[in-house]
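# Structural overview
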Amino acid sequence: MSSTNFSLRPLLAVLVLVTACATSAPAEKAPAAPVAPAASGSGPSTPNTRAMLLFEDATKAAEAQAKSGSRDDAALERRFEAVRQADPTFAEAAERQGKRDQAYASYRSALQKKPSLKPAAEGLARLTRAQGDLPSAIAQWNDVAKAFPDDAESRAQLAELYRLTSDHDRAQDYARQALIRDPKNIDAYKTLLRSNLDRKQFAMAELVGVRALKISTTDPDLYMGIGDVQLGKGAVDKAAAQYQKALDANAGFVPARLALARLALKDEDYAAAEKHLSRAVADGGGTAEVHLDLGVAYRGLGQPDKALAEYDAAEKLQPRLAAVYLNRGIVLQRYKDMPEKSLELYKQYVALSGGESALANDAPVLALRREAEQLVAAKSQAKAQEQQAKTLEDAQKLQQQRMKDAEDRTAKGTPAKGTAPDKGKDSPDKL
């Protein structure tokens, strides 16, 4: 985040670390933390001294954990809960704990009592964006920008929001407005970089990245953006180098791990992909797509049972993720000799993908389905042939037994069943 005149501005990595406790998806880009709580009744508009000290202590602990790469979510939870206990109106503590409803209530209460309370307005706008309501977040940040004409951060936030809505003209205009007010606002630089990248203006994006690095060499999101620019240009090795720099800046930065994992999967380097994806899950980035890719990596490593477990995890998170059924079918077909079950899974995949008409002529499922059908037919034919062979074998055994029985009777002088005895010349019939 960019530097401002407010105190207690934690690092982006710290906010990612703390908010990861409340969500399995990668954390939203965290804006500045407010320094004033919601006002309560006739109380002061700033936290009491004990709450402030506890908050500073909790923030330092989070920063230390982020730097060391060692997480203790339970300990951080206790520290921020202590802040809330010391001052229940300290909404920032609630927000950091992922208790967004409580934070919303605190921010709204503060603004009702003091509409000009900037930290509460910023906190409310951040939470609105985190919930995906971009139009409302834009309106809220616009209110902050109008109330504070010299504020850079509100304009940087607006720039990114407009970029997310694909309004690149406004995005770049607000980013420049932010930089006029604060030439070192790294968020504004990152939005400019991303906006140029979105429009495939790679040279301009690269230039913005070079300028931003003169301001910060420790922001993993900046290296991530530069890496994406290199990838857009087709310079895969340079992109990978930038993603690695992002991890060097913050080992728990999930987007960089996922980017490296994608490159590894493309190169069929399944061991490297598994390493990055497993770490991403451990760092709170275990989305359905991540579990799916991890399953692909395990399949590539020849570990079908682990692959199936990851597909199960992906399905629990997102039951309608079509690729889960396709990849599970591949494992059952290729490793478990269950083509019949694979055909059922391919049918589910096609349905979730929009039906047969939505499939491309070279869609992998078509070849897989033909292969599975051939395997099912081959298994059926083999079973029929096996049954025929068994029937023939049983008939041969029965014939052999009859022949043996006949031989035994001949050896004992016992006429075969149904044969009249020879009465000889002295038979009464000849008298």
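These remarks concern the structure in this document. (Residues numbered from 1 in each chain as written. Predicted model: local features only at pLDDT ≥ 70, side-chain atom pairs only at ≥ 80, totals over all residues. Heavy atoms only, no water.)

### Remarks on the overall build of the chain
When helices and strands are counted, the chain shows 20 helices and zero strands. For the chain, the proportion of its 431 residues judged to be buried stands at 44%. Considering only contacts in the chain between residues 6 or more positions apart, those separated by 24 or more positions represent 54%. A total of about 22,700 Å² of accessible surface is found on the chain, and carbon and sulfur atoms cover 51% of it. (Helix = DSSP H or I, 4+ residues; strand = E, 2+ residues; numbered from the N terminus. Buried < 20%, exposed > 50% of the residue type's maximum accessible area, 1.4 Å probe, protein only. Contact = heavy atoms within 4.5 Å. Areas by Shrake-Rupley, 256 points an atom, 1.4 Å probe, with all protein chains shown as cover.)

### Description of helix 12 (residues 220–232)
For helix 12, with 13 residues, the first-to-last C-alpha span of 18 Å sits near the 18 Å given by 1.5 Å per residue. For helix 12, the buried fraction is high: ten of the 13 residues fall into the buried class. Considered for burial, the residues of helix 12 that qualify are Pro-220, Leu-222, Tyr-223, Met-224, Gly-225, Ile-226, Gly-227, Asp-228, Val-229 and Gln-230. Buried-residue contacts for helix 12 involve helix 10 (186–198), helix 11 (202–213), helix 13 (236–249) and helix 14 (254–266). Where helix 12 begins, one side-chain oxygen reaches toward the backbone nitrogen of Asp-221, 2.9 Å away; that side chain belongs to Asp-219. One or two residues past the end of helix 12 sits Gly-234, with phi positive at roughly 90°. (Expected span 1.5 Å × (residues − 1). Polar contact = N/O pair within 3.5 Å; in protein donor to acceptor, adjacent residues only side chain to side chain.)

### Section: the packing of aromatic side chains
Applying the stated criterion across every chain, the model contains one aromatic pair. Here Tyr-162 and Tyr-174 contribute two aromatic rings whose centre-to-centre distance is 5.5 Å and whose plane-to-plane angle is 20°, an arrangement assigned as stacked. Pair noted here: Tyr-162 is in helix 8 (residues 153–164) and Tyr-174 is in helix 9 (residues 168–181), with a separation of twelve residues, a long-range link. When sorted by exposure, Tyr-162 lands in the same class as Tyr-174, which is buried. Its end group placed over the ring of Phe-148, Lys-118 keeps NZ or CZ at 5.0 Å from the ring centre. (Phe/Tyr/Trp six-rings, centres within 6.5 Å; stacked < 30°, edge-to-face > 60°. Lys NZ or Arg CZ within 6 Å of the ring centre and 35° of its normal.)

### Description of the pattern of salt bridges
Counted according to the given criterion, the structure contains 21 salt bridges. We note a salt bridge from Arg-163 to Glu-160, for which the minimum N-O separation is 2.8 Å. Remark: Glu-160 and Arg-163 occur in helix 8; sequence separation between them is three residues, near one turn of the helix. Since its relative accessible area comes to 7%, Glu-160 is described here as buried. Here Asp-169 ties to Arg-199 by a salt bridge, and the two come within 3.6 Å at their closest N and O atoms. (Salt bridge = Lys/Arg side-chain N within 4 Å of Asp/Glu carboxyl O.)

### A closer look at the environment of Leu-213
Relative to the helices and strands, Leu-213 resides in helix 11. Taking relative accessible area as the criterion, Leu-213 reaches 26% and is therefore assigned partly exposed. In this view, Leu-213 contacts Leu-222, Tyr-223 and Ile-226; residues no more than four positions away in its chain are not counted.

### Looking at helix 7 (residues 134–147)
With 14 residues, helix 7 ought to run about 20 Å at 1.5 Å a step, and its terminal C-alpha atoms sit 20 Å apart, in line with that. Buried residues along helix 7 sit against helix 6 (118–130), helix 8 and helix 9.

### Let's talk about a negative patch on the surface
Taken together, Asp-237, Asp-267, Glu-268 and Asp-269 make up a surface patch of like negative charges. Residue placement: Glu-268 occurs in the loop between helix 14 and helix 15 (270–282). Residue class for Glu-268 comes out exposed when judged on its relative accessible area of 56%. (Patch = residues over 30% accessible without salt bridge, like charges linked within 9 Å, V, L, I, M, F, W, Y side chains within 5 Å. Lys, Arg positive; Asp, Glu negative; His and termini not counted. Charge placed at Lys NZ, Arg CZ, Asp CG, Glu CD.)

### Details of the side chain of Asn-196
With respect to the helices and strands, Asn-196 occurs in helix 10. Relative accessible area serves as the criterion here: at 3%, Asn-196 is assigned to the buried category. If sequence neighbours within four positions are ignored, Asn-196 has contacts with Gln-172, Gln-201, Met-204, Ala-205 and Val-208.

### Some thoughts on the environment of Ala-175
Relative to the elements of secondary structure, Ala-175 occurs in helix 9. Taking C-alpha positions, Ala-175 is 5.2 Å from Ala-159, a pair spaced 16 residues apart along the chain. For Ala-175, the residues in contact, after removing those within four places along its chain, are Ala-159, Ala-188 and Leu-192.

### Remarks on the side chain of Gln-333
Within the secondary structure, Gln-333 sits in helix 18 (residues 322–334). A relative accessible area of 5% places Gln-333 in the buried class. There is a polar contact of 2.7 Å between the side chain of Gln-333 and the side chain of Tyr-346. Every residue in contact with Gln-333, bar those within four places of it in the chain, is listed here: Ser-342, Tyr-346, Leu-368, Glu-371, Ala-372 and Leu-375.

### Describing unusual backbone geometry
With a phi angle near 60°, Lys-200 is a residue other than glycine that sits in the positive phi range. Secondary-structure assignment places Lys-200 in the loop between helix 10 and helix 11. Although it is not a glycine, Glu-268 sits at a positive phi angle of roughly 60°.

Bear in mind that shape data such as this cannot, by itself, settle questions of function.
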